[in-house]
Amino acid sequence: MSDVTIASGSVDTPPHRGRPAGTISPIPFARILWIELRKMFDTRSGLWLMASILIVAALATVGTLILVPESDLTYESFLSAIGFPMNTILPLVAILSVTSEWGQRTALTTFTLVPSRARVISAKAGLCAIIGVSALAVAAVLGAVGNIGAAAFAGVGATWDVGWQGLVLFAMANVIGMGIGFMLAVLTRSSPAAVVAFFVYYLVVPIVSTAVAGVQEWYADHVHWIDFNTNVNRLFGAGFTGDDALSAQQWFQLGLTGLVWLVVPLTVGLRLALRAEIK
Amino acid sequence: MITVDGLTKRYGQLTAVDEVSFTAEPGRVMGFLGPNGAGKSTSMRMMVGLSEPTSGTAHILGRRFGELPNPGREVGVLLDASAQHGGRTGREILSLAAGTMGLPKAWGDAALERVSLTPEEARRRVGNYSLGMRQRLGIAVALIGDPDVLILDEPANGLDPAGIRWMRDLLRGFANDGGTVLLSSHLLHEIEVIADDILVIGNGRIVARGTKEQLLTEGGTLARSADPAALAAALRAAGHASKQASSGALHTEADAGTVGQVALATGVALTELRAADSTGLEEMFLALTDDSQRDGLRDETDTKTEGTAA
Ligand SMILES: Nc1ncnc2c1ncn2[C@@H]1O[C@H](COP(=O)(O)OP(=O)(O)O)[C@@H](O)[C@H]1O
Ligand SMILES: [Mg+2]
C-alpha cells in the first residue's frame, strides 16, 4: 500500500487567497436575530402560524361580542377569550422555531454558518419572547377595542376590570407557556415529539392533577407545591379577578415548581441542543 | 488548507472514524473516496464542528472551525443538499446564507450564475427541485461567501455525466485560484474525474493516499503488439513478469518506457502502449466495498444513507 504524503506546507501560515488573514469580522448578534426572525416568516407554514395569532385573536374578539350577553361583557371577557388560544399558539411558535431546524435538517446549514449554537438558540429564545409580548399587546388592544365597541353599542360605560398589573401577569403566564414550549423543543429536537409533549403537559397533566387531588387529600393540600400549571393559572386568575397580586408564598410556589418543571429540564435540553451531534 | 490529525469517532463499540490524518493543500482538489458507511460524512461533520470528535483535531486555515469568526467567508460547506426546508425558495436560502455572512445582495446573483441556476429556477421552492438542482444550490451556498476552502460531501450525487464534468471544471477553477477543496464520493469514477489527490477510507481508516497519478498508475502498463508471446518472453528475460489478457494485450508491472525499449530491442511492433487502467485502485476499492457491504447487512444506516448523499 502506498503511503505518499501529500502534505508539505506548514500549519502556521495558512495561505488566504488575496485577503490578508484576520480581516474577517465576527458575525454581530443583531444579524443573527434578523436572520432567525426572517426564518420564522419565510415559509408558508411559518407565515400561517404567525398570521394565525392575529386571526385567532380577531375571531375570539368577534366571538365574544356575539356570544356573550351584552350586560356581562367586560374587558376580562375579551382578554380571557383571546388569551386561551394565544396560550396554545404561542408555545407552538416557540417549539417550531427550534425543532424545524432539526426536522427539516436546516441545522446543518445554520450551524456551519454560525458555529456557536448558543448564539443561534439565544436569538431564537429572544425572538420568541418578543413575539409573545407583541402578540399579547395586540390581544390587549383588540380586547380594549372590543370592550369599547360593545359598551358603545349598548350605550353604557365600558367596564375595565383588568388593570395594567393584571396585564403584566397575563403576559407573564403566556411567556412561561412559551418557555415550556421552548424547553420541550430543545429537549426533544423533534416537532411531533415536542408538540405531543406540550399537549400532554397542557391538557392531560391538569386533568390528572385534578383527578388525583379529588381522591387524595394530601395531594390536594399540597398541589401548589407540586403542580406548576396550577401556579401559572393563578397568574391568569390574579390578573383577571382584579386582585392583581400574588402573595409571597404564591410567588415562592411559582418559582419553586417553575425551577423543577421548567428551569431544570430547560438546562438539560439546552446542554443537549448545544452539544448533540447534528446530522 | 485543511489539517486533520488523528481524528477519531466512536459510537459505542463501533469506531466510525479511526485515527484519520491528512492535509489538504491550497491549489489542489482532494477526493475522499470510500464505500457507503466508510466514515466520510462523520469525518466531515467533525471537521465543521457538527460532531464532537472522540479524539483528534481538525484545523481549517490554521484554526478550529468553531474559532472562525464568520466561517462562511472562509469555508464553504455542503454536507447534504437535501437538508433544506422544502418550503423556501432557492433564492431565499441563498439570501439567508448571504445575510448571515453580511454580504451584498449582488453576490447572490453571482453565486446563482456560477452554478447555472436560472433566476426562474431560483424563485421556485426547493421542495420541487431535483437532486441535481439541490446540489447546485448547495454549492452556490458554499461558494457565496468567496471562501478559501470547500468541504463538500458527495456533491456529485444526483448529477449526470455532464454535471460531473461541470463540477470538475468549477472545482478546478476554484483550486487554480488558490482554493483548497475536499470532496467525498463513494464512486471511484467521480473521484477519478474530479480530484487531484485521493484519500481512500475504508471502515473508518485511511487505506491509501496519493496523487491521482500515483494511485492510478499502480496498475502498471498495458501493451498491445503484433506478437504478444514474443514480447512476453522478452519482458521476462528483462526481469518483468507479465500477464496476457483475453484481448491479447499484455499487462505488466514494468513502466511504459521499459516496455517500449524491450519491444524495440526485440523487434516487436507495438500497436498500443499506455498506463493500465486503475486496476490496482479499483480492485482495492471493490474489495473495500465488498467488505463494507457485508458489514452493511447488519447495519441499517448504510442502506438508508445510500443514494441520499447523507
Ligand atoms: N450517530 C451514529 N450512531 C451510530 N453509528 C453511526 C452514527 N453515525 C454514523 N454511524 C456509523 O458510522 C459509520 C460511518 O458512517 P458515515 O460517516 O455516514 O459513512 P459515509 O459517509 O462514508 O457513508 C457507519 O457505519 C454508520 O452506520
Ligand atoms: Mg456519507
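Summary of the structure given here. (Residues numbered from 1 in each chain as written. Chains lettered and ligands numbered in written order. Predicted model: local features only at pLDDT ≥ 70, side-chain atom pairs only at ≥ 80, totals over all residues. Heavy atoms only, no water.)

### Some remarks on the overall build of chain A
Rule in force here: Only runs of H or I of at least four residues qualify as helices and only runs of E of at least two qualify as strands under DSSP, and these elements are numbered from the N terminus. Here the term buried applies to any residue with accessible area under 20% of the maximum for its type, exposed to any over 50%, and partly exposed to those in between, with areas from a 1.4 Å probe on protein chains only. In what follows, residue pairs with any heavy atoms lying within 4.5 Å of each other are defined as contacts. Only the protein chains shown count as cover for residues, with accessible areas throughout obtained via the Shrake-Rupley method and a probe of 1.4 Å.
Regarding its fold elements, chain A presents ten helices and zero strands. In sequence order, chain A lays out its α and β elements as α-α-α-α-α-α-α-α-α-α. Sorting the 279 residues of chain A into buried and exposed places 44% on the buried side. Taking the intrachain contacts of chain A between residues at least 6 apart in sequence as the baseline, contacts between residues at least 24 apart amount to 77%. By element, 70% of the accessible surface of chain A is carried by carbon and sulfur atoms, the whole surface being about 13400 Å².

### A few points about the overall build of chain B
Let me state the cut-off plainly: Within this scheme the basic residues Lys and Arg register as positive and the acidic residues Asp and Glu register as negative, but His and the chain ends are omitted. Lysine's charge is taken at NZ, arginine's at CZ, aspartate's at CG and glutamate's at CD.
Regarding its fold elements, chain B presents twelve helices and 13 strands. The dimensions of chain B, computed from C-alpha atoms along their principal axes, are 70 × 45 × 35 Å. The proportion of buried residues among the 310 residues of chain B is 56%. Across chain B, the fraction of contacts at a sequence separation of at least 24, relative to all contacts at a separation of at least 6, is 71%. Looking at chain B as shown, the accessible area adds up to about 12600 Å², and 50% of this sits on carbon and sulfur atoms. Of the side chains in chain B, 30 bear a positive and 40 a negative charge, and the two mean positions are spaced by 5 Å.

### Examining the site of ligand 1
Basically, it comes down to this: Whether a residue is near a molecule or strand is decided by its heavy atoms; if any one of them lies within 4 Å of it, the residue is near. Side-chain atoms alone can form a polar contact between residues adjacent in sequence; in general such a contact is a pair of N or O atoms within 3.5 Å, and within protein one must be able to donate a hydrogen while the other accepts it. Any residue outside Ala, Val, Leu, Ile, Met, Phe, Trp, Tyr, Cys, Pro, Asp, Glu, Lys and Arg is labelled polar, Gly included; the first ten of those are nonpolar and the last four are charged.
Close to ligand 1 lie 16 residues, the nearest being Lys279 of chain A together with Gly37, Lys40, Ser41 and Thr42 of chain B. Lys279 of chain A places a side-chain nitrogen or oxygen 2.6 Å from a nitrogen atom of ligand 1. In the model, an oxygen atom of ligand 1 is placed 3.2 Å from a nitrogen or oxygen of the Ala38 of chain B main chain. Protein chains shield 82% of the accessible area of ligand 1, which is 570 Å² for the free molecule. Take the shell around ligand 1: its biggest share by element is four residues, from helix α1 (residues 40-47) of chain B. Here the residues of the shell around ligand 1 are counted per class, giving five nonpolar, six polar and five charged.

### With respect to the sheet that holds strand β11 (residues 242-244) of chain B
Residues and elements named next belong to chain B. Under the convention used in this document: A pair of strands is considered paired only if DSSP assigns at least 2 bridges between the two. Structural elements are reduced to axes, namely lines fitted to C-alpha atoms, with helices fitted over the stretch in contact, and the angle between N-to-C directions of any two is expressed from 0 to 180 degrees.
Spatially, four strands are ordered β11-β12-β10-β13 in an open sheet, and the strand pairing comes out antiparallel. Each end of this open sheet is capped by a strand with a single partner; those strands are β11 and β13 (270-275). Across the sheet, the mean angle separating the axes of adjacent strands is 20 degrees when strand polarity is ignored. Helix α9 (residues 228-237) rests against β10 (221-225), β11, β12 (250-252) and β13 of the sheet, and its axis sits at about 15 degrees to β12.

### Focus on the pairing of strand β9 (residues 205-211) of chain B
Residue and element names in this part refer to chain B. Among the seven residues in β9, five count as buried, and that is most of the element. As paired strands, strand β8 (residues 197-202) and β9 are joined by six bridges and run antiparallel to one another. When the sheet's bridge partners are listed, Val200 is paired in β9 with Ala208. Hairpin connection from β8 to β9: two residues lie between these consecutive antiparallel strands, with Asn203 at a positive phi of about 50 degrees.

### Observations concerning the interface of chain B and chain A
Condition: Two parts placed together each lose some accessible area under a 1.4 Å probe, and the buried area is that loss summed for both. Just to be clear on terms, a salt bridge is a Lys or Arg side-chain nitrogen sitting within 4 Å of an Asp or Glu carboxyl oxygen.
At the interface, 59 residues of chain B touch 42 residues of chain A. Summed over both sides, the interface between chain B and chain A buries roughly 4400 Å², with carbon and sulfur atoms accounting for 56% of that surface. Considering only the surface of chain B that becomes buried against chain A, Leu50, His85 and Thr100 of chain B emerge as the three largest contributors, covering 14% of it. Scanning the region where chain B abuts chain A turns up four salt bridges. Among the salt bridges present, the one from Arg105 of chain A reaches Asp80 of chain B, with a minimum N-O distance of 2.9 Å. There are eleven residue pairs in polar contact (both at pLDDT 80 or more) connecting chain B and chain A. Among the elements of the structure, β1 (2-11), α2 (90-101), β8, β9 and α8 (212-216) of chain B are those that each provide at least two residues to the side of chain B that touches chain A. Ranked by the residues each element gives to the side of chain B that touches chain A, the list is headed by α2 of chain B, at seven residues. For the side of chain B that touches chain A, a count of residues per class yields 24 nonpolar, 20 polar and 15 charged.

### Some remarks on the nonpolar core
One recurring pattern in soluble globular proteins is that nonpolar side chains are buried together. In plain terms, the rule: The set of buried Ala, Val, Leu, Ile, Met, Phe, Trp, Tyr and Cys residues whose side-chain atoms join them within 4.5 Å is what this entry labels a nonpolar core.
Among the nonpolar cores identified, the biggest contains 142 residues, and Ile53 of chain A together with Ile2, Phe22, Met47, Ile151 and Leu171 of chain B are the most heavily contacted of them. Beyond its immediate sequence surroundings of up to four residues, Ile2 of chain B is in contact with Phe22, Thr23, Ala24, Met47, His59, Ile60, Val149, Ile151, Thr180 and Leu182 of chain B. Within the second largest apolar cluster, eleven residues are counted, among which are Ala223, Leu250, Val259 and Ala263 of chain B.

### Here's the deal with the pairing of strand β2 (residues 14-24) of chain B
Residue and element names in this part refer to chain B. Pairing geometry for β1 and β2, over seven bridges, is antiparallel. Pairing of Leu7 across the sheet is with Val20, part of β2. Linking β1 to β2, which pair antiparallel, is a turn of two residues; within it Gly12 sits at a positive phi near 60 degrees.

### What about a nonpolar patch on the surface?
Heads up, the condition is: Any residue with relative accessible area above 30% and no salt bridge may belong to a patch, with like charges joined within 9 Å and the nonpolar Val, Leu, Ile, Met, Phe, Trp and Tyr side chains within 5 Å.
Taken together, the side chains of Val196, Val200, Leu203, Val204, Val208 and Val212 of chain A define a hydrophobic patch exposed on the protein surface, amounting to about 450 Å² of accessible area. Tracing the sequence through the fold places Val208 of chain A in helix α7 (residues 191-215).

### Topic: the sheet that holds strand β4 (residues 55-60) of chain B
Residues and elements named next belong to chain B. In space, the three strands of this open sheet follow the order β2-β1-β4, with antiparallel pairing throughout. Across the chains shown, the open sheet's two edge strands, defined by having one partner strand only, are β2 and β4. Direction aside, the axes of adjacent strands within the sheet are offset by 20 degrees on average. Seen against the sheet, α1 touches β1, β2 and β4 and runs at an angle of roughly 115 degrees to β1.

### Remarks on the packing of aromatic side chains
Going by this rule: Each Phe, Tyr or Trp ring (for Trp, its six-membered ring) is paired with any other whose centre lies within 6.5 Å, and the angle between the two planes then decides the class: stacked below 30 degrees, edge-to-face above 60, tilted in between. Note on criteria: charge over ring means Lys NZ or Arg CZ within 6 Å of the ring centre, with the direction from the centre no more than 35 degrees off the ring normal.
Counting across every chain of the model gives seven aromatic pairs over all chains. For the ring pair Phe198 of chain A and Tyr202 of chain A, a centre distance of 5.1 Å and an interplane angle of 15 degrees mean the geometry is stacked. Here Phe198 of chain A and its partner Tyr202 of chain A are both found in helix α7, four residues apart, which amounts to about one turn of the helix. Assessed through its relative accessible area of 15%, Tyr202 of chain A is described here as buried. Ring geometry for Phe22 of chain B versus Phe32 of chain B: centroids 6.1 Å apart, planes at 45 degrees, classification tilted. With Phe22 of chain B in strand β2 and Phe32 of chain B in strand β3 (residues 29-33), this pair connects stretches of sequence that are ten residues apart. Put simply, the rings of Phe198, Phe199 and Tyr202 of chain A touch in pairs and so form one group of aromatic residues. Between the NZ or CZ atom of Arg117 of chain A and the centre of the ring of Phe111 of chain A, over which it lies, the distance is 5.7 Å.

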